[in-house]
Amino acid sequence: MDTSAIGDSLKKISREDTAVLIGSVREAACAASSAVSNAKARLRNISEEVGRITSTNISVNIEDILTDADQAVKGFDKAFPVMSDKLAQVKALARKMSPKPNMTESIQRIKDIIEETRNFVNMLSLAITFNGKGHTELHPPRNLEDVKAFTAVDLLLNRHHKHPSKSDARRKQRQDNHRDANHFVFYLGNKNALGDYIGMAVRSSVLVCVYKLGGVVHEVETSKITVTNVNSSDFDRVIFHRVYQDAEVNITQNFTSQKPISLPPKRNLPNQMAGVLDLDPDSIVFYVGGYPDDFTPPVELRYPRYRGAIKFSHLNGNPICLYNYKHAANMDAKQRTVKIAEQELSDYYEGRGYRMAFIKDPGRKKRRLFKFHTNSREINALLFYIGNEESFFCVFVERGFLVLQGQQADREIRLQSAERVSLFDTQFAIVIADKFTVHYGPKKISTDHIQTNYMNYYVGGLPAQLRERHNITAAPLRGCVDRLTADAEIVEYNRTIGVGNGCPVSLLGVRAATLNSSLSVDSPLVWDEQPLRVSLSFRSTGKQGVILKSSSQGSEPISNLQLSLADGFVVFHSFNYTLRSDERYNDGVWHYLSAVGKPSGLMLNIDNVNVRPGHSDHIRLQGGKFRGCVANLYTSRSSILPADLSSLSQAGDIVFGQCSLPVHPNSTIKRSQTHNPTLAGSQCRPQRANQLYEEDSWVSYTLPQEDLNYRPHFSLDIKTKSPKGLILHIAGRGTIPLLALYMANGKIKMSLGQNRIIQHKERSNDGNWHRVEFSVEKSTFHLLVDGIRVTDGHLLDSEGSSLNLDNPVYLGADMKSRITKGHSIPTNTVISCIREFKMNDVFVGAPEVSHKASPCFDGLTEEGTYFGGGHIILDNYFTVGSHFELSFELRPQQLTGLLFHVQSDETSLNVFLMENKVGVKVNDGNGAVSVSVTPRKSLCDGKFHEVTVSKQNKVLRLVVDSTSQEKAGLRSTWYSTALDSLYIGGTTNQIGAPVSSPFVGCLRKVEINGKLVAFERDSRVVHPVSINRCPAN
């Protein structure tokens, strides 16, 4: 490996953002003097670990490594998974450096230290003082899907007066007083300030909580915020809860004083159905105390920057410290930082980490005693682990039962309590002596124990290497632990990840579950409330199944409320009415629905879009098990919180506390900003429908010039819910500067430029298919929508006979084109499905160029993943070892394309199509071997074809359906354990690839060494790819 590969392997540790982290830790540590030594130790460890990576045998100095390594720590939450794709290269380098230190372990330790350092900062109970000039930008929430349905913000704040000098004029003093009464507090939303958001502001001294959902702005006006001097430690506590469209704000004035005052809650319970906070993960920002100069807040938050002190405690239960910032600007280092006493001594485990402590005096005591108290609603959680190289013991709850699992002296151990054990307000004691005993309340489970020395123990979770070593699958604890003692002494932890201070008891409810059955919701529903309301999030790949059901309850008869999937459509039944969605929602991604039932009828909203009545006649209610996930069930406005799913009946196959689909659960069209690669090879059959799914999506065609300019007649079908956007446009150079078809205010219009516009009177953005025909004649131009002809447009001097239109013909809008500018025509694409595009009654065929477009899935779909010119990357997934077997089924639309690609410094694997031939090329470091098969039946027959590629010792074998070929020449042994990235469907780096074109078509049942490949797991998607959904042939 050449020295430049070191820079490539470590390109994910960023000096810029590392400096931000180190600076924030120093500031926080200086503010909390008791933690200075801990902070310095953590920062010193980062430097030491990076230093160990250098090797005197490689001519790269530490400065070069740090500079090249800068990119991985950038945005730590995003950097960790990206950094992982280089670990295989690091392993290869480590082998060459042997017996030098293991670089993989060093880098993994750096990642742990960075996460531990962030956790350390988050646990500091500090408020930042804002001077009215600066701001901090925090890292966005980890789980945006959760925030879409439910948002819980817990913060402390006070306001500071700005005292004008005696020389100030009264006018300036009045301006200052007005400014003091209005402040920006925080904003969580898109960087362009468009779309949905959540924020707070002080308006006329009163705190106002604002949230925008589905384009509708909601406000909750609360009370005045305490005004103090700069040195005061008096704070008001603000707790904001939003569940779908409903919100509640609770304020406790003088919260940090001896006599706090709890004010009555303020609520907003709108009658609107849209309840999803739709945030763009690629542009989300989180500004606190102010905002950058290049950002203009929404008008509801457009106030001067904050002057006062703020402490964030939690966002959706996850600890936040303002010192753990992404960026900070104009923050005066001399401003006072306020330490705030903790109200309770408890640790909150976020469900993703653990705490580790070393045992004092290992080997000296023959009896160990650990005690702790838990507050959690989880029924699947790891509580305690202790082990060494010879043995281990792990205590966890599984489906509500307490389990003691372990191994000692070749003895496998697994004991389970006879009854379910609640983790809420429960005391545990673990005694390790001649027996290993777990006491829970008055009961216990116990097993024999051989005395051995343990060096450390873990609480609430485990690092990955220990999980893998012992095959421990118990989920990390989400809940609170307090009063932990080891041998009657308070524990001092040595490592903490994913744990914060305090216990948000109101947020401990279990909000997610994996179902292979139905939820029964009799208990949380308040049936006497009218109208009946149910909101939830769900994801599934199944076509059928009852998601949620309930029988009649209360004083008003409700005839078997039921929410279900029927052929992928959502069906809502109640009060003897039935309402079905317009679209299918079994695509494996999260969807958010709100259902309202009353004696006069039903209403249903999915993903902020109302379902129109009229699709309910003759719908048969179907049963069956729902296979998928649900989250954030909300049924009663008596409490603005999602229901605690653990309180529901646990009958049936339900796993509470997590979402894990057994098959590919992510099938959205994942998008990128780059242009689609040019497609090559013979086409099986042209794609007759195009999904334009973004405002800059488009496809283009080159049509015969003579047909384009002699009385052209076009027709197409379109389905959209967008009110505005470009459908088709063609540039012209003569008296007619363009031909454009577009949507404005939901109405279809046709323009030939220069005020030559005709339009259909009815709106066509109702989500149904509409047939559109338009043409240009000698002196007129015509537009028909669904067979209804609008008033013809007229052309002077027979302008239609001298058209000079130019290729290409665009469906959608090319944002780089200037064709439509100056013509009062939309410059963005109408997000839509367009099918059966014809010219002069002849189907025009496949697009010549496609940008962010994919097939329409309006018809039947089936299992599989559709590649529309994009590809999937599975990081650290595959090694070209001494043997492997890759099997899959394919149904191509193009007969040339790259199927699978793996490339490392010494080895490579390529599986590809080349004009109805399947080829494989393998290089195991000793030269390349190729083999190909031409199947007996054409790959273009519209059926799936089975392909198996295997390497066994020296032999490479390829089987396509019943035809096979094999070839020897590879090394018989190859001991590489380095995992390389597996590219499926194409690659951005075409060096070494036998074909440059991506694969276009469907793949399914992809298996490696007999194990199904889950595309959604740790994958990255480039360009249009639809996981787990293929258009049925």
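Presented here is a report on the structure given in the accompanying data block. Counting restarts for each chain: residues are numbered from 1 in the order of the written sequence. Side-chain atom pairs in this predicted model are given and counted only at pLDDT of 80 or more, local residue features only at pLDDT of at least 70, and totals for whole chains, interfaces and linings cover all residues. The basis for the side-chain values is all heavy atoms of the structure; hydrogens and waters are excluded.

1. Notes on the nonpolar core
Working step 1: Among buried residues, the Ala, Val, Leu, Ile, Met, Phe, Trp, Tyr and Cys ones that are joined through side-chain atoms within 4.5 Å form a nonpolar core. We call a residue buried when its accessible area falls under 20% of the maximum for its residue type, exposed when it is over 50%, and partly exposed in between, using a 1.4 Å probe and counting protein chains only. If you look at the biggest cluster of nonpolar residues, it comprises 48 residues, and the most contacted ones within it are Leu536, Phe538, Leu548, Leu604, Val630, Leu633 and Leu645.
Working step 2: The element contributing the most residues to this core is strand E41 (residues 626-634), with six residues.
Working step 3: The contact partners of valine 630, leaving out residues within four places of it in the chain, are Arg511, Ala512, Ala513, Leu515, Leu519, Ser537, Phe538, Ile547, Trp590 and Leu645. Strands here are runs of E lasting at least two residues and helices are runs of H or I lasting at least four, both read from the DSSP assignment and numbered beginning at the N terminus. Contacts were defined at the residue level, with two residues in contact if any of their heavy atoms lie within 4.5 Å.

2. Describing the state of the cysteines
Working step 1: Only a pair of cysteine sulfur atoms within 2.5 Å qualifies as a disulfide here. Counted according to the given criterion, the structure contains three disulfides.
Working step 2: With a sulfur-sulfur separation of 2.0 Å, cysteine 480 is cross-linked through a disulfide to cysteine 503. The S-S bond linking cysteine 480 to cysteine 503 shows a torsion near 95°; that makes this disulfide right-handed. Within this pair, whereas cysteine 480 is found in strand E28 (residues 478-486), its partner cysteine 503 is found in the loop between strand E30 (495-501) and strand E31 (512-517), the two being separated by 23 residues in sequence. The burial state of cysteine 480 is the same as that of cysteine 503; both residues are buried.
Working step 3: The disulfide that involves cysteine 629 links it to cysteine 659, with 2.0 Å between the sulfurs. The chirality of the disulfide connecting cysteine 629 with cysteine 659 is right-handed, given an S-S dihedral of about 95°. Of the two residues, cysteine 629 sits in strand E41 while cysteine 659 sits in the loop between strand E42 (654-656) and strand E43 (669-670), which places them 30 residues apart along the sequence.
Working step 4: On the accessibility criterion, cysteine 629 (0% relative accessible area) is buried.
Working step 5: For cysteine 659, a relative accessible area of 28% translates into the label partly exposed.

3. Focus on the sheet that holds strand E64 (residues 896-903)
Working step 1: Strands were regarded as paired on the criterion that DSSP finds at least two bridges between them. Ordered in space as E67-E66-E65-E64-E71-E62-E74, the seven strands form an open sheet in which the pairing is antiparallel. Since the sheet does not close on itself, it has two edges, and those belong to strand E67 (928-933) and strand E74 (1019-1022), each with one partner. Averaged over all pairs of adjacent strands, the angle between strand axes in this sheet comes to 15°, irrespective of strand direction.
Working step 2: Relative to strand E66 (residues 918-923), strand E65 (residues 908-914) is paired through six bridges, and the arrangement is antiparallel. Across the sheet, the residue bridging to serine 908 is asparagine 923, located in E66. In this analysis an axis means a line fitted to C-alpha atoms, helices contributing only their contacting stretch, and an angle means the value between N-to-C directions, from 0 to 180 degrees.

4. Section: the side chain of asparagine 910
Working step 1: Looking at the secondary structure, you find asparagine 910 in strand E65.
Working step 2: Throughout this description, a polar contact denotes any pair of N or O atoms lying within 3.5 Å of each other; where both atoms belong to protein, one of them has to be capable of donating a hydrogen while the other can accept it, and for residues adjacent in sequence the pair is counted only when both atoms sit in side chains. A polar contact of 2.6 Å, which involves the side chain of asparagine 910, links it to the side chain of histidine 901.
Working step 3: With residues up to four places along the chain from it excluded, the contact list for asparagine 910 reads Leu898, Phe900, His901, Gly919, Val920, Lys921, Gly992, Ala993 and Pro994.

5. Digging into the sheet that holds strand E50 (residues 757-763)
Working step 1: Pairing in this open sheet of seven strands is antiparallel, and the strands run E50-E49-E48-E47-E55-E45-E58 from one edge to the other. Looking at strand neighbours, the two that pair on one side only are E50 and strand E58 (849-851), the edges of this open sheet. The mean inter-strand angle of the sheet, taken between neighbouring strand axes irrespective of direction, is 15°.
Working step 2: Where strand E47 (residues 725-732) meets strand E55 (residues 805-812), four bridges bridge the pair, whose relative direction is antiparallel. Paired with leucine 728 across the bridge in E55 is leucine 811.

6. What to know about the pattern of salt bridges
Working step 1: The working definition used for a salt bridge is a side-chain nitrogen of Lys or Arg within 4 Å of a carboxyl oxygen of Asp or Glu. Tallied over the entire structure, the rule returns 31 salt bridges.
Working step 2: The salt bridge involving aspartate 246 is made with arginine 637; its shortest N-O contact spans 2.6 Å. Here arginine 637 lies in the loop between E41 and E42 and aspartate 246 lies in strand E10 (residues 246-253), a separation of 391 residues in the sequence.
Working step 3: Aspartate 246 sits in the buried class, given a relative accessible area of 1%.
Working step 4: With a closest N to O distance of 2.6 Å, glutamate 777 and arginine 711 form a salt bridge. You can see glutamate 777 sitting in the loop between strand E51 (770-776) and strand E52 (780-785) and its partner arginine 711 sitting in the loop between helix H11 (705-708) and strand E46 (713-720), a full 66 residues away along the chain.

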